[in-house]
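# Residue-level structure breakdown
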Amino acid sequence: MSFSDRSSGRRRTAHAARTALGASALALTLLTTAACGPDNSSADTAVTAGAGAGAAPNIGLPANLEDLKKWKFDDWEKWAKDYALPAAAKGFWTLDKLLKAKPNEPLPPPPAPPAAPPAAPAQPTQAPAQPSQPSQPSQPAKPSQPAQPGQPTPPGAPTAPATASGKPPAGQPTQPGHPTPPPSAPKPSNTQQPASQAPAPPAAPAQPTQAPAQPSQPPAQPAQPTQAPAQPTQAPAQPAQPPAQPAQPAQPADNGNDPLPKTVNAQPLPHPYTKVAVHGKLFADAPGSGAEAAAGLSHYQCSATVVADPAHPGKSNLVWTAGHCIHQGKGGKYFSNISFIPAFNSAGALSGGKQAEEAQYAPLGIWNATQAVTSPQWKAEGGDGGSPATQYDFAIIRVQPGEGGKSLEETVGGAVPVWFNAPREQLNVTEYGYPAAPPFDGMELNRCESGRPTRLSYDPARPPMLAIGCTMTGGSSGGGWLAVKDGQPALVSNVSVGQHTGDPKFQAGPYLDDVAAGAFDFISKKG
């Protein structure tokens, strides 16, 4: 074989290798692109609060909460592909099933926040000790000191005070919401030294009669500025303490928890429920097991509220409730036969153990759900016990229109708007629900006028829940929390967590932020 043949063969081999390498790179690029953002995978992964730290592989969900808040309609549609639900068969919810439905219990509250790790007190005490060195500027009468060339080395020393200043003094975590005022510090010496040492350079020309060796001192005096900045860098190290302290509210030592609210006794509303017909009972079947599950299903009851639909003003078919009332959470699926009964038992036909016809206990009809969406956090992380997913434990369902296409809102006589990102300090909450666990029986609509909510949190990196005093029990899950906005009631949360024993008795619901707004916008536009 000639040299030219071998060269030609090598060129063909190299070209083939480059072609294969290019194809591999293209395939890798397409694979990486396909993994970004929501996809059509059936698996859900946890949505972490941090920027991907400890995040599970991205299979349909973003790695952090901030990305999730930015989801658009198309993103929600790709993720919430199972939002469509089969409607319950007509007549499915008989009175016998309704009365046997078990109250869906609010989830247990988080454990008491662990004590904050004690801050090392020794280091903060060193920082104030070092600023005492800048007191040297009070000796400006010694211009010969700047001639020491070895002093400019201290600029590396301020790193120790900077580290120490980032740790709060011991005891400070007891008031995370009210940072302890920084200790008073002497004024930075960089505003004092130049004023006292500036006249020093003219002092050298005052001795021109000395030997020429003296002029070597003026060059040494310019070293004063180098020494002066060296010392001021130590003084600013102490003012660095105040900036470190305001950052504490971002990760409070109380882990996002206020003292628990005081107990507020639930009060039954008088019959009929004409003026509060937006509130009602939600029934659903969850997968069950054993003899108590008929055909593999179990009957459950919750509470819910009719909310206004921006895409269909005056004709809403949307109902707000808790995520755990319609979806099992991590590894689970949506419940079936989800139906809403507004103004349940409005006339008191079932009160006191009485029997009644459907037209009496469901005067506004039984409305079957055909669509549902909950938060990605609840769907990916939720479970039987409390967890950070509870801070996003909400859901919205869409029900079938009534006869002749009449909407739920038109039938009920109104709907309440949802107030997203409501300022906590402006909230004065009233909770509505149908508690069914003892001492209640689920037949009466109750109300807790609970006032301003406090904070309750599983994960301080997520928005703290709203917590209120209320004695309602299981069955009140999903019940609407209303507050006044612009003179009208608006929904600001729903029952998710509850403590029904001991004192205080309280309940908590998710803070409805941009994630809740995104889910609501999605299902509103899907109708």
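Let me sum up the structure you'll find in this document. Just so we're clear, the structure is a prediction, and the values are computed from it rather than from any experiment.

### Remarks on the overall build of the chain
Along the chain, the regular secondary structure elements total 15 helices and 16 strands. Across the 527 residues that make up the chain, the buried fraction comes to 44%. In the chain, the proportion of contacts linking residues at least 24 apart, taken out of those at least 6 apart, comes to 76%. On the chain, roughly 25100 Å² of surface is accessible, and the fraction owed to carbon and sulfur atoms is 59%.

### Things to note about the packing of aromatic side chains
The geometry of an aromatic ring pair comes down to the distance between the two centres and the angle between the two planes. Evaluated as defined, the whole model comprises 15 aromatic pairs. Centroid distance Trp 71 to Trp 76: 5.1 Å. Interplanar angle 85°. Geometry classified as edge-to-face. Each member of the pair, Trp 71 as well as Trp 76, carries the same accessibility label: buried. Here the aromatic rings of Trp 320 and Phe 520 are separated by 6.0 Å at their centres, their planes lie at 45°, and the arrangement is tilted. Residue Trp 320 is found in strand β5 (residues 318-321), and its partner Phe 520 is found in helix α15 (residues 514-526); the two are separated by 200 residues along the sequence. The exposure classification of Trp 320 matches that of Phe 520, with both residues buried. One aromatic cluster in this structure is built from Phe 92, Trp 93, Tyr 273, Phe 283, Phe 344, Tyr 361 and Tyr 434. Above the ring of Trp 79, the side-chain terminus of Lys 379 is found at 4.7 Å from the ring centroid.

### Examining the environment of Lys 275
One can find Lys 275 in the loop between β2 (267-268) and β3 (279-287). Assessed through its relative accessible area of 85%, Lys 275 is described here as exposed. A C-alpha to C-alpha distance of 9.3 Å links Lys 275 and Ala 343, two positions 68 residues apart in sequence.

### Thoughts on the state of the cysteines
Inspection of the entire model under this criterion finds two disulfides. One disulfide in the model links Cys 302 with Cys 325; its S-S distance is 2.1 Å. Linking Cys 302 and Cys 325, the disulfide has an S-S dihedral of approximately -90° and is accordingly described as left-handed. Of this pair, Cys 302 sits in strand β4 (residues 297-307) while Cys 325 sits in the loop between β5 and β6 (336-342), placing them 23 residues apart in sequence. Across a sulfur-sulfur distance of 2.1 Å, Cys 448 and Cys 470 are joined as a disulfide pair. Between Cys 448 and Cys 470, the S-S dihedral sits near 80°, and the bridge is therefore right-handed.

### Some thoughts on the pattern of salt bridges
Between side chains of opposite charge, pairing is possible as soon as their charged atoms come close. Per the stated rule, a full pass over the model turns up eleven salt bridges. We note a salt bridge from Asp 96 to Lys 100, for which the minimum N-O separation is 3.4 Å. Here Asp 96 pairs with Lys 100, and both are found in helix α4 (residues 95-100), just four residues apart, close to one helical turn. The exposure class assigned to Asp 96 is partly exposed, which follows from its relative accessible area of 44%. With relative accessibility at 57%, the residue Lys 100 sits in the exposed group. One salt bridge in this structure joins Asp 258 and Arg 455, with 2.8 Å as the shortest N-O distance. Residue Asp 258 is found in the loop between α11 (241-244) and β2, and its partner Arg 455 is found in strand β11 (residues 454-456); the two are separated by 197 residues along the sequence. The class for Asp 258 is partly exposed, based on a relative accessible area of 27%. Arg 455 sits in the partly exposed class, given a relative accessible area of 21%.

Scoring rules and cut-offs
Residues numbered from 1 in each chain as written. Predicted model: local features only at pLDDT ≥ 70, side-chain atom pairs only at ≥ 80, totals over all residues. Heavy atoms only, no water. Helix = DSSP H or I, 4+ residues; strand = E, 2+ residues; numbered from the N terminus. Buried < 20%, exposed > 50% of the residue type's maximum accessible area, 1.4 Å probe, protein only. Contact = heavy atoms within 4.5 Å. Areas by Shrake-Rupley, 256 points an atom, 1.4 Å probe, with all protein chains shown as cover. Phe/Tyr/Trp six-rings, centres within 6.5 Å; stacked < 30°, edge-to-face > 60°. Lys NZ or Arg CZ within 6 Å of the ring centre and 35° of its normal. Disulfide = S-S within 2.5 Å. Salt bridge = Lys/Arg side-chain N within 4 Å of Asp/Glu carboxyl O.

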